[in-house]
Amino acid sequence: MHLIFIFKDIKNNKFYFIWNLIQMGIVCILISVILQSIFDYYDVKKKFDTMTVGREIYMFGDDTSEQKMDELLNEKKKLSSLVSLYNFIEKKVSESNGKITEFTANSGWRFYYDEKLTHDFVDEFNLPKDSSDSLDLLAVSSNFFDIYRLKIEGNISEFSNNSHDTTPVVLGNDFKKLYKLHDTLCDYRGKEYEIVGFLESGAYYIAPGETRSPIYLDKFVLKPAHINKSDSADLISYFSTTYYITKDVTFMEQTLKRSEEELLLTLHINHFTHQMNAIRADIVGLPNGR
């Protein structure tokens, strides 16, 4: 009997019943979004705190003029000076006994794949057909995965193994639909890349020098970052794509001075702790992330 009265009441008040259902649905969605934001915030906070552990994140900013950059890229006599500057800072890092952690995350690349793969990628990843010739590519140092606490399916030690005839790569989780471990994929030149690992679904990293939002890696190709000392462009990119986690930036100040004296790059030091706090705050939409 009670059910009959309930259904009669619903029938007589359909508008209010539907309106109440809509309100309840909106509330459920809002609660879900808030809970997900809180989870994301604490996940980023944990990742950030693990990265720094009482230290700060720094990076070189590059203010070099176009004219100076052109000289550095084209004058052979400048190459040896760039190599010397690179060796200087690498020596400081290696002599720090772990007080300086250096890692690279260079997103200034694209993976231009063999046109035979176009159909697979366009269909699987819903790539726009008018710009479907490449994928997101990130060149990283071997410690990148540990620093960002990224879980890998596969043997990550193979990522830094230089004995490969092919270039080792780690792929975002979405690629598991198309490939398995130790498959190879080719770029547009026919160069082969061996898949040595897959990231877990939803893996991301934080690039404070680029964006205030986490960068999700599900559709990324990650390859080892190597510096070719005979290539001026490679050496220059090192200074704008390498992060340093440390308490003491004396070595960076010395690098600035040396670069200025030798008429090389015009550099400054970026301190990313404030920006990292802003990133965490953005995730929950609250001031200071609280």
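Residues numbered from 1 in each chain as written. Predicted model: local features only at pLDDT ≥ 70, side-chain atom pairs only at ≥ 80, totals over all residues. Heavy atoms only, no water.

**Brief notes about the environment of leucine 135**
- Checked against the element boundaries, leucine 135 lands in strand β3 (residues 134-140).
- With 86 residues separating them in the primary sequence, leucine 135 and valine 221 have C-alpha atoms 7.3 Å apart. (Helix = DSSP H or I, 4+ residues; strand = E, 2+ residues; numbered from the N terminus.)

**Quick word on the pairing of strand β11 (residues 242-246)**
- Across the five residues of β11, five count as buried, placing the element largely inside the fold.
- Alternating positions in β11 separate into two faces, Thr242, Tyr244 and Thr246 on one and Tyr243 and Ile245 on the other, with burial throughout.
- Two strands pair when backbone bridges link them, and strand β2 (residues 101-112) and β11 are joined in this way by four bridges, in the antiparallel orientation. Across the sheet, residue threonine 101 finds its bridge partner in β11, namely isoleucine 245. (Buried < 20%, exposed > 50% of the residue type's maximum accessible area, 1.4 Å probe, protein only. Pairing = 2+ DSSP bridges.)

**Description of the pattern of salt bridges**
- Applying the stated criterion to the full structure yields seven salt bridges.
- Between aspartate 136 and arginine 110 there is a salt bridge whose closest N-O contact spans 2.4 Å. In this pair, aspartate 136 sits in strand β3 while arginine 110 sits in strand β2, placing the two residues 26 residues apart along the sequence.
- For glutamate 262, the salt bridge goes to arginine 258, with nearest N and O atoms at 3.3 Å.
- Judged by relative accessible area, glutamate 262 falls into the partly exposed class, the value being 29%.
- Among the residues examined, arginine 258 registers a relative accessible area of 25% and is labelled partly exposed. (Salt bridge = Lys/Arg side-chain N within 4 Å of Asp/Glu carboxyl O.)

**Looking at the packing of aromatic side chains**
- Using the criterion set out here, one finds 15 aromatic pairs in the structure.
- Ring centres of phenylalanine 60 and tyrosine 244 lie 5.8 Å apart, and the angle between their planes is 80°; on these two criteria the pair is classed as edge-to-face. Taken together, the residues span a long stretch of sequence, with phenylalanine 60 in strand β1 (residues 56-62) and tyrosine 244 in strand β11 at a distance of 184 residues.
- Between phenylalanine 144 and phenylalanine 145, the ring centres sit 5.7 Å apart and the planes meet at 85°, which makes this aromatic pair edge-to-face.
- We classify phenylalanine 145 as buried; its relative accessible area is 3%. (Phe/Tyr/Trp six-rings, centres within 6.5 Å; stacked < 30°, edge-to-face > 60°.)

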